[in-house]
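Now for the letters of each chain:
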Amino acid sequence: MTNKTITVPDIGGAEGAEVVEVLVAVGDHIELEQSLIVLESDKASMEIPASEAGEVVEVRVAVGDQLSEGDAVVVVKTAVALVDTETPSASPPSTEPLTEQPADATVLAAATPPPSASTVTSAEPTVTRVAVPDIGTDGDVDLVEIAVQVGQMVEEGESLVVLESDKASMEVPSPAAGKVLRLLVESGISVREGVELLELEVAGNAAASVTPPMAATESTPTVPSSTGTASATTEEKASAPSTPASSASAADGAKPAAPEASADESSNAYAGPAVRKLAREFGIPLAQVGGSGPRGRIVKEDLHAFVKQALSQGQAVSGAMTGTGIPAIPEIDFSKFGAVDPQPRSRLDKLTADNMVRAWLNVPHVTQFDDADITDLESFRASLKAEAERRGTKITPMPFLLKACAVALNANPKLKSSLADGGETLVYKHYCHIGMAVDTPNGLVVPVIRDVDKKSIWELSAEVIELAGLARDKKLKPDQMQGGVFSISSLGGIGGRGFTPIVNAPEVAILGVSKSSTQPIWDGSQFVPRSMLPLSLSYDHRVINGGDAGRFLTELVGLLSDIRRMMM
Ligand code: CAO
């Protein structure tokens, strides 16, 4: 492995040609002759191709820089060790002019490139590679976000990347304070324990570091590669979901309403290869896009703006449908009505939103209500107070609810089944792991308590406290949120008379618990004050019939009203 600096070759005497696009980013694997940057002189645009194949370890230019022959463009780690480090610089620029060049442009002549490459030393031993820690699962998780950039200083514990399983998102903290030297991954890939994420120059060892990246590297805007072989950059992928124009799905559902421009018209548009590729992928007619770059050149942001406008026009004109065929909720500019404060949503909130929509749209929900008389349970719980204090804990209604649900679920196993094979099969489970919704400042999480039917009330109580604490501290591991057969959402400590929870699919039922209150209950001869606990059971009506749900809830109410029954 050798680091090679690729420099600007002879560009026909053009001094100070402006960088108008950077087509690669740190971490990209580039092929020989792949375009690295687009330069624009007062006469023409030209692409600077790679004279080496390998991995980009440093980008030394930024959009707006003025370059001349011999100036460094990128540093590439090549796969093959070279005998002579005095190798030629970049190949001559493409002699094919960009079709969009201005009418008076002439193509710059190619000339023999001068010997100008230099070798950059590789990482010193003081550089640490940060890997995915134990995330509690053997399986792969998605790397959904890289929270740092090359060159960035990070504190110990500062979030480096965000990982996401199908149930939760986790942040990998920095093991030490230092400087991010190199990203070894890009967002969108799957990772597992041990996968190396980035190189960190640990604070205090800066002097022994590899050649520090130029400041321009940090501000280099990333754009898609102009070749089909290279993938989109880290930054693009991370931002894709929130950027309609860079999201394939958004573009699929939102092809611009304007008529398609012919290939000829588009090829005459003034845009670089990266923008052309993006436009092709999204089916955007370049001829209809206004360019905001130098001399009207179309840049990536122009494509974003074009798609955004097409989307809003489409909605205004035809009440555009979302991918599900459901009319989209129009975007409103709330600032028209008063002061607003738009805040980015946490990844967990967005993940929860997706899960809610999925369950809401797939599961035909029915909710059944009942009240459990927990007067005796509450006096029993009160009698445990002193013992709980001796044990250094406290006991809420939650462990009793878990235990009662486990008994009722084992007696009504359909309530803890799941659909499989596209609805052909119903999977019955011989275990009884129950999820418990926990409200955290970061969003909603559902840790799972395993084998509830086999645990004592004290054990369950300890686990409720432990898992709720881990959830609030964002320390739950993926396997602590998996395997549930049924869920409980208790808002009893918060308040409310009743609510209709959404089934946590592929589970088929969920219990909503509201705040207990003292109610006058007729005992056959008089009204007596009883502590009543409102329960709501939402279920998947594809699997659970009203009768199944009614039997389960009636049994549950009976168990909570007389907890001695739990032993029977
Ligand atoms: N009725 C009356 N009081 C109740 C009650 C009920 N149904 N359930 C709990 N309480 C009381 C508790 O006894 C406790 O009182 P004391 O401190 O006087 O003993 C107080 O309310 C607070 O309890 P808690 O909420 O800390 O503990 P818990 O074991 O009842 O619940 C947990 C734990 C993690 C489920 C809960 O803290 C929580 O996060 N609930 C929110 C769940 C949620 O967000 N669901 C919605 C999901 S869909 O958006």
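Before any of the text, the structure's been laid out above.
Parameters and conventions
- Residues numbered from 1 in each chain as written.
- Predicted model: local features only at pLDDT ≥ 70, side-chain atom pairs only at ≥ 80, totals over all residues.
- Heavy atoms only, no water.
- Helix = DSSP H or I, 4+ residues; strand = E, 2+ residues; numbered from the N terminus.
- Expected span 1.5 Å × (residues − 1).
- Buried < 20%, exposed > 50% of the residue type's maximum accessible area, 1.4 Å probe, protein only.
- Pairing = 2+ DSSP bridges.
- Contact = heavy atoms within 4.5 Å.
- Axes fitted to C-alpha atoms, helices over the stretch in contact; angles between N-to-C directions.
- Left-handed = near helix turned anticlockwise from the far one by under 90°.
- Nonpolar A, V, L, I, M, F, W, Y, C, P; charged D, E, K, R; others polar.
- Core = buried A, V, L, I, M, F, W, Y, C linked by side-chain atoms within 4.5 Å.
- Polar contact = N/O pair within 3.5 Å; in protein donor to acceptor, adjacent residues only side chain to side chain.
- Salt bridge = Lys/Arg side-chain N within 4 Å of Asp/Glu carboxyl O.
- Near = heavy atom within 4 Å.
- Areas by Shrake-Rupley, 256 points an atom, 1.4 Å probe, with all protein chains shown as cover.
- Phe/Tyr/Trp six-rings, centres within 6.5 Å; stacked < 30°, edge-to-face > 60°.
- Lys NZ or Arg CZ within 6 Å of the ring centre and 35° of its normal.

*Asks:* For this particular structure, what's the right way to read helix 10 (residues 398-411)?
*Replies:* Because the α-helix completes a turn every 3.6 residues, residues three or four places apart line up on one side. In this model, helix 10 (14 residues) spans 20 Å end to end at C-alpha, consistent with the 20 Å of a helix rising 1.5 Å per residue. Counted residue by residue, helix 10 has twelve buried out of 14 residues, so it is predominantly covered. Those residues of helix 10 lying buried are Met-398, Pro-399, Phe-400, Leu-401, Leu-402, Lys-403, Ala-404, Cys-405, Ala-406, Val-407, Ala-408 and Leu-409.

*Asks:* How should the sheet that holds strand 11 (residues 153-154) be read in this particular structure?
*Replies:* Adjacent strands of a sheet pair through backbone hydrogen bonds, lying either parallel or antiparallel. Taken in spatial order, the four strands make up an open sheet running 9-16-14-11, and their pairing is antiparallel. The sheet is open, and its two borders are formed by strand 9 (127-131) and strand 11, each paired with just one other strand. Both strand 9 and strand 16 (residues 196-202) contribute to a ladder of five bridges, which runs antiparallel. Residue pairing in the sheet places Val-130 in a bridge with Leu-198 of strand 16.

*Asks:* When you look at helix 11 (residues 457-472) in this model, what are you seeing that I'm missing?
*Replies:* The end-to-end C-alpha distance of helix 11, which contains 16 residues, comes to 22 Å, matching closely the 22 Å that a straight helix rising 1.5 Å per residue would cover. Looking at the packing, one finds that the buried side of helix 11 touches helix 9 (385-390), helix 10, strand 20 (434-436), strand 21 (438-440), strand 22 (443-445) and strand 23 (448-449). Lys-474 sits one or two residues past helix 11 and shows a positive phi near 60°.

*Asks:* Can you walk me through the packing of helix 10 against helix 11 in this structure?
*Replies:* Axis angle and axis distance: for two packed helices, these are the angle between their axes and the distance between the axes, and together they describe the pair. Between helix 10 and helix 11, whose axes approach to 8 Å, the crossing angle comes to 120°. The two elements helix 10 and helix 11 meet at a crossing, and its hand is right-handed. Counted together, Met-398, Pro-399, Phe-400, Leu-402 and Lys-403 of helix 10 and Ile-457, Leu-460, Ser-461 and Val-464 of helix 11 form the full contact between these two elements. Considering only residue class, the contact of helix 10 with helix 11 consists of seven nonpolar, one polar and one charged.

*Asks:* So what exactly am I meant to see when it comes to the pairing of strand 14 (residues 178-183) here?
*Replies:* Regular strands place their side chains on alternate faces of the sheet. Judged by how many residues are buried, strand 14 sits mostly within the fold: six of six residues are covered. Looking at chain direction, strand 11 and strand 14 are connected through two bridges and run antiparallel. Following the sheet pairing, Val-154 is matched in strand 14 by Gly-178. When strand 14 meets strand 16, the two strands line up antiparallel, connected through five bridges. Of the residues in strand 16, the one forming a bridge with Leu-183 is Leu-198.

*Asks:* What's the story with the environment of Gly-550 in this structure? I'm lost.
*Replies:* Assignment of secondary structure puts Gly-550 in helix 12 (residues 546-561). Residue classification places Gly-550 among the buried positions, given a relative accessible area of 15%. Taking the C-alpha atoms as reference points, Gly-550 and Phe-369, separated by 181 residues in sequence, lie 9.2 Å from one another.

*Asks:* Even after reading the chapter, I still don't get the sheet that holds strand 3 (residues 29-30), so can you show me in this structure?
*Replies:* In space, the four strands of this open sheet follow the order 1-8-6-3, with antiparallel pairing throughout. What marks the edges here is a single partner per strand, and that holds for strand 1 (2-7) and strand 3. Taken together, the two bridges between strand 3 and strand 6 (residues 54-59) define a ladder with antiparallel strand orientation. The partner of His-29 across the bridge, within strand 6, is Glu-55.

*Asks:* For this particular structure, what's the right way to read the nonpolar core?
*Replies:* As a rule of thumb, nonpolar side chains are buried together in soluble globular proteins. Core analysis: the largest hydrophobic core is formed by 55 residues, its most contacted members being Ile-434, Phe-486, Leu-535, Leu-537, Leu-556 and Leu-560. Broken down by secondary-structure element, the contributors of at least two residues to this core are helix 10, strand 20, helix 11, strand 24 (486-490), strand 25 (509-513), strand 27 (527-540) and helix 12. At ten residues, the largest contribution of residues to this core is made by helix 10. In this structure, Leu-556 is in contact with Ala-404, Cys-405, Ala-408, Leu-511 and Leu-535, ignoring residues within four places of it in sequence. Listed in part, the 44 residues of the second largest apolar core include Ile-48, Val-56, Leu-67 and Val-132.

*Asks:* I tried to follow the side chain of Thr-440 on my own but got confused; where do I start?
*Replies:* Positionally, Thr-440 belongs in strand 21. For Thr-440, the side chain forms a polar contact with the main-chain oxygen of Gly-443, separated by 2.6 Å.

*Asks:* I would appreciate a short explanation of the pairing of strand 10 (residues 141-146) in the present structure.
*Replies:* Where strand 10 and strand 15 (residues 190-191) come together, two bridges link them in antiparallel fashion. In the strand pairing of strand 15, Val-141 is matched with Val-191. Pairing between strand 10 and strand 12 (residues 159-164): four bridges, direction antiparallel. Within the sheet, the bridge partner assigned to Ile-146 lies in strand 12 and is Val-161.

*Asks:* How do you make sense of the pattern of salt bridges when you look at a structure like this?
*Replies:* Side chains that differ in sign of charge can pair as their charged atoms come close. Tallying each qualifying case throughout the model produces 18 salt bridges. Salt-bridge contacts for Asp-373 lead to Arg-530; the nearest nitrogen and oxygen are separated by 2.7 Å. Note that Asp-373 is positioned in strand 17 (residues 365-373) and Arg-530 in strand 27, a separation of 157 residues in sequence. Looking at Asp-373, the relative accessible area reads 16%, which means it is buried. Measuring nitrogen to oxygen at the nearest pair gives 2.8 Å for the salt bridge that ties Arg-381 to Glu-378. One end of the pair, Arg-381, and the other, Glu-378, are both in helix 8 (residues 375-383), three residues apart, so they sit about a helical turn from each other. Taken together, the shared-partner salt bridges in this structure form one network comprising Glu-55, Arg-129, Arg-182, Glu-196 and Glu-199.

*Asks:* Whenever I open this one, the site of the ligand confuses me. Can you help?
*Replies:* Residues in close proximity to the ligand total 22 residues, the closest being Thr-396, Arg-472, Ser-489, Ser-490 and Ser-516. Take Arg-472: an N or O atom from its side chain is 2.9 Å from an oxygen atom of the ligand. Within the side chain of Ser-489, one N or O atom sits 2.8 Å away from a nitrogen atom of the ligand. Out of a free accessible area of 970 Å², the ligand has 71% covered by protein chains. Contributing elements (two or more residues each) for the shell around the ligand: strand 21, helix 11 and strand 24. Residue composition of the shell around the ligand, grouped by class: ten nonpolar, seven polar and five charged.

*Asks:* What should I look at first to understand unusual backbone geometry in this one?
*Replies:* One can expect most non-glycine residues to show negative phi and most peptide bonds to be in trans. Between Ala-505 and Pro-506 the backbone carries a cis peptide bond, its omega angle lying at 10°. Relative to the assigned elements, Pro-506 resides in the loop between strand 24 and strand 25. If you check the backbone angles, Asp-421 has positive phi at about 50° while not being a glycine. Within the secondary structure, Asp-421 is located in the loop between strand 18 (418-420) and strand 19 (425-427).

*Asks:* What's the story with the packing of aromatic side chains in this structure? I'm lost.
*Replies:* Describing an aromatic ring pair means giving the distance of the ring centres and the angle of the ring planes. Considering all chains together, one arrives at three aromatic pairs under this definition. A ring pair is formed by Phe-380 and Phe-400, whose centres lie 6.2 Å apart and whose planes are at 75°; its orientation type is edge-to-face. Residue Phe-380 is located in helix 8, and its partner Phe-400 is located in helix 10; the two are separated by 20 residues in the primary sequence. Relative accessible area serves as the criterion here: at 1%, Phe-400 is assigned to the buried category. When the ring of Phe-486 is compared with that of Phe-552, the centres are 5.6 Å apart and the planes differ by 55°; the resulting orientation is tilted. In this pair, Phe-486 is assigned in strand 24 and Phe-552 in helix 12, connecting sequence segments 66 residues apart. For Phe-486, a relative accessible area of 0% puts it in the buried group. Assessed through its relative accessible area of 0%, Phe-552 is described here as buried. The aromatic ring of Trp-458 is capped on one face by Arg-391, whose charged end is 4.1 Å from the ring centroid.

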